[in-house]
Each structure stands twice: as C-alpha cells, then as structure tokens.
Amino acid sequence: MSPIKTILDCDPGSDDAVAVMLAALSPAIDLLGITVVNGNRILPKTLENALRVVQFLGQDIPVFAGAETALVSGLIKSRKPDLPRVTRNDSHGDYLQLPEATIKPQPVRAAQWLVETLMASDGDISIAAVGPLTNIALALRLEPKIESKIKQLVIMGGGVAGSNASASAEFNFYADPESAKIVLDTTIPTMILPLDATWRACITLDQCTDLRAIGTPWADYTADLVELRVRGLQVNDLSAHNSELRHTPGTVSSTLLYRYENDMAPVHDAMAVAYLIDPAVVTEYIEANVDIDIAGGIADGRLVVDLHNTKKGAAPINANVAVNSDGQRFYELISRTFAADGAR
C-alpha cells in the first residue's frame, strides 16, 4: 500500500511534537508539509517549535507559517478575556527543549500553500489538524474548491463530555470557533478525535521507561515529553476532579467520560496521526451531525454533537466523532515507529 499523502496542521506544543515525529517517521505516511498556526503559544513560538522538531529529525520537511490570530474572536476583546495559552496541563512551555532552529520556514504562507497543493492534487491528500483550524478555514475561504480535494480530514478537537479550556469547550475549538464552524460546515470526510477519545489513550510512566529502552532519540524525547505532561497533570491533580459515571449499560453514554490516574498522560495530537496510520486505534465512534457554538456565551466554542441524530431529516451527518480508543494499540504504534533509525 502506498504511503498516505498527509499535511499536518499544528501548533507545537509537546503533544504536537510527538505528532510531527510520528508522521515523519512512519513508513505509512508521506508527510508533504507542516503548516503552523497560533494556538498553544503565539505563532513565532509555535513556528520555532515546529522547525526545532523537523531539525531534530534531520528530515527535509517544508514548514509553513500560518495564521497569527483567530479569524474573529480575537477582535472582540470582551469575548475571551481569559483565553488560555495552554490548558490545565501546563506542560508545553514556550519552547521545546531542543536546539534552536537554524532551518527556516518556507516563504509562502500556509493558507496559500494549502490551496496550491490541494488544487494541484488528485484529491488524494489527507490532513491531520491538531490545533485551531484557522489555516484550513482561511484556505477554504481563499479557494472553496479545495473542499472536494481533501481525501480525509482528521481533527483533534472538541469534547462530547470533555472540556479543558472552559466549562464546556476544548482548547482548539475554543481558540477559534468560527474557523472550526467553517471547516465543519463542509462536506469533507471528517473524523473528529475529541478529548473523550484521546484521554483514553494515555501513555504511562512505565511505558516511558520502555520507550527509553528502545534507544532512539525520538523514543527518548517522547518519554521526556510524556513525563513532562504527567508532572503537569499531577500538579493540577485532575484525579480529584473526575466525576463518577452513571449510565444505562449498552448506551452510547457509557463511553463518554474518562478516568484519570496520576501515572499517565494523554498525547492528544499524536492520536490524529495514529488514526491515519491505523484507524483501529479508534474503537467506537458516532456518525453525527455536529456544529460549533459561536454565540459567545458559556458554551462558546463547544462542539455540539447530535448524539441521537434528531435532525437526521433536516441536517446531514457531517462527521464521525470518536468516543473511545485503544490506548495499548496507540502506544504500540508509537513505540514500533520510534524504533526506526529515522532515515527516509
């Protein structure tokens, strides 16, 4: 089988760094380029971090600077006065602990490159989007025809029962809800990996020890990043905030809340790349009509999933939404990929 032609849109970020390494090192992925967006940190920092990871890998992967601000929400200062630069897990920091980049981004901006690359393609390019969706929304506004040129869009974003940027919203969608709505209002085949699924694919401290035993730089660095994320979660003691799940056995809701233990951490963004490589990492998903709340109130930026498809006659099913995942399969995919020497 030919490698999957892939564009990675990201905002590094520790979990983005693992996603970049997974996409670059997997023989199942042909990584055409990396587009970078404002998100976990401001664009100059996320761009520098993306360049640092590519330089660390020693691969010739083009990196493109994207949007520096959200489309609309940043214009309304009263709307998101407490927009976090990171979520509860303050494990990103400003810069990844890698050598400062000496390589440079491409001269073309991300949205323009997305349009040019997709329009020149045979409709065989997939996109893994693991930050705010500003770059993709801008590209759709520049050239709506790219909608039919994207083979598959895998988004890490949103939450059905989960949230981390507000009481109701996940960070990537909360940071730029208008862009998320623009993207999800298309007919692009889309798989959304919300917090409900990514939290079920944590990497443990014991698995970090196993990663170090592999002996490659990428396995070692992934262990460093996961351990950093675990420490960030321990400081916030998320285990004290978990709700007990009550459900009727056999219903979809039985899968929608995660339980957190103090010796593990999710690597949310890497799940999007893992899904492209091996869709079986998602063990349960919902075919649903989805939308994004952009009203500016308490649910601003929330992923709204019509779990029961009550609007089936009036609104089309426009996305698959993952609600469960195979954490062991996810870890084994990462460890197997990072055992490689990195040569491509």
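The paragraphs below set out a description of the structure included in this document. On a predicted model such as this, the values are computed, not experimentally measured, just so you know. Numbering of residues begins from 1 in every chain and follows the order in which that chain's sequence is written. Restriction of local features to residues with pLDDT of at least 70 applies here, the model being predicted, together with a cutoff of 80 or more for giving and counting side-chain atom pairs; totals for whole chains, interfaces and linings are based on all residues. Just so you know, side-chain values use all the structure's heavy atoms and leave hydrogens and water out.

1. Side note on the overall build of the chain
- The number of helices and strands found in the chain is 11 helices and 12 strands.
- Burial classes follow relative accessibility: with a 1.4 Å probe on protein chains only, a residue under 20% of its type's maximum area counts as buried, one over 50% as exposed, and anything between as partly exposed. In the chain, which comprises 344 residues, the share counted as buried stands at 58%.
- Once local pairs closer than 6 in sequence are excluded, the contacts in the chain between residues at least 24 apart make up 83%. Under the DSSP-based scheme used, a helix requires at least four consecutive residues in state H or I and a strand at least two consecutive residues in state E, with every element numbered from the N terminus. Here, two residues are considered to be in contact whenever any of their heavy atoms come within 4.5 Å of each other.

2. Quick word on the packing of aromatic side chains
- Any two of the Phe, Tyr and Trp rings considered here, Trp counted by its six-membered ring, make a pair once their centres fall within 6.5 Å; the pair's planes then place it as stacked at under 30 degrees, edge-to-face at over 60, or tilted in between. Tallied over the full model, the rule gives 3 aromatic pairs.
- Seen in terms of ring centroids, Phe56 and Tyr221 are 5.5 Å apart; in terms of plane orientation they differ by 65°. Their pairing is edge-to-face. On the criterion of sequence distance, the pair formed by Phe56 in helix 2 (residues 43–57) and Tyr221 in helix 9 (residues 217–236) is long-range, its members being 165 residues apart.
- Taking relative accessible area as the criterion, Tyr221 reaches 6% and is therefore assigned buried.
- The interplanar angle of 15° and the centroid separation of 4.2 Å between the aromatic rings of Phe64 and Trp113 together place this pair among those described as stacked. Separated by 49 residues along the polypeptide, Phe64 in strand 3 (residues 63–65) and Trp113 in helix 3 (residues 110–119) bring together distant segments of the chain.
- Look at Trp113 and you get buried, because its relative accessible area is 11%.
- Linked through ring pairs, Phe56, Trp218 and Tyr221 together constitute an aromatic cluster.

3. Side note on the side chain of Asp16
- For Asp16, the location among the structural elements is in helix 1 (residues 14–25).
- Summary of buried charges: Asp16 has no salt-bridge partner, and the nearest side chain of opposite charge, Arg229, is 6.8 Å away.
- Leave out the neighbours within four places in its chain, and Asp16 touches Cys10, Asp11, Asn40, Val130 and Asp269. Residues counted as positive are Lys and Arg, residues counted as negative are Asp and Glu, and His and the chain ends are not counted. Salt bridge, as used here: a side-chain nitrogen of Lys or Arg that lies within 4 Å of a carboxyl oxygen of Asp or Glu.

4. Some points on helix 8 (residues 205–214)
- For helix 8, every residue scored as buried is listed here: Gln207, Cys208 and Leu211. Mapping the buried residues of helix 8 onto a view down its axis gives an arc of 105°, with all of them on the same face. Along helix 8, exposed side chains directed more than 90 degrees from the buried face belong to Asp206, Thr209 and Ala213.
- One or two steps after helix 8, the chain reaches Gly215, where phi turns positive at roughly 90°. Here, the arc refers to the directions that run from the helix axis to the C-beta atoms.

5. Points about the environment of Val130
- Tracing the backbone through its elements, the reader meets Val130 in the loop between strand 4 (125–129) and helix 4 (134–142).
- Note on Val130: relative accessible area 0%, which makes it buried.
- In sequence terms Val130 and Val273 are 143 residues apart; their C-alpha atoms lie 9.2 Å from each other.
- If we ignore the near neighbours within four places in the chain, the residues touching Val130 are Leu8, Asp9, Cys10, Asp11, Asp16, Met156, Asn172, Asp269 and Ala272.

6. A short note on the side chain of Thr6
- By the secondary structure assignment, Thr6 is in strand 1 (residues 4–10).
- When near neighbours in sequence (up to four residues on either side) are disregarded, Thr6 contacts Ile29, Asp30, Leu31, Leu32, Gly33, Ser126, Ala128 and Leu276.

7. A closer look at the pairing of strand 6 (residues 190–193)
- Residues Thr190 and Ile192 point to one face of strand 6 and Met191 and Leu193 to the other, with burial holding for every one of them.
- Here strand 5 (residues 150–156) runs beside strand 6; their pairing, made up of 4 bridges, is parallel. Bridging from a neighbouring strand, Met156 pairs with Leu193 of strand 6.
- Pairing between strand 6 and strand 12 (residues 319–325): 2 bridges, direction parallel. Counterpart to Ile192 in the pairing with strand 12 is Val321. The pairing criterion is simple: DSSP has to find at least two bridges between the two strands.

8. Describing the pattern of salt bridges
- Counting across every chain of the model gives 11 salt bridges.
- Asp15 serves as the salt-bridge partner of Arg229, at 3.7 Å between the closest nitrogen and oxygen. Note that Arg229 is positioned in helix 9 and Asp15 in helix 1, a separation of 214 residues in sequence.
- Taking relative accessible area as the criterion, Asp15 reaches 4% and is therefore assigned buried.
- A salt bridge links Arg109 to Glu68, with the shortest nitrogen-to-oxygen separation between them at 3.7 Å. Of this pair, Arg109 sits in the loop between strand 3 and helix 3 while Glu68 is found in the loop between strand 3 and helix 3, placing the two residues 41 residues apart along the sequence.
- Taking relative accessible area as the criterion, Arg109 reaches 41% and is therefore assigned partly exposed.
- Since its relative accessible area comes to 48%, Glu68 is described here as partly exposed.

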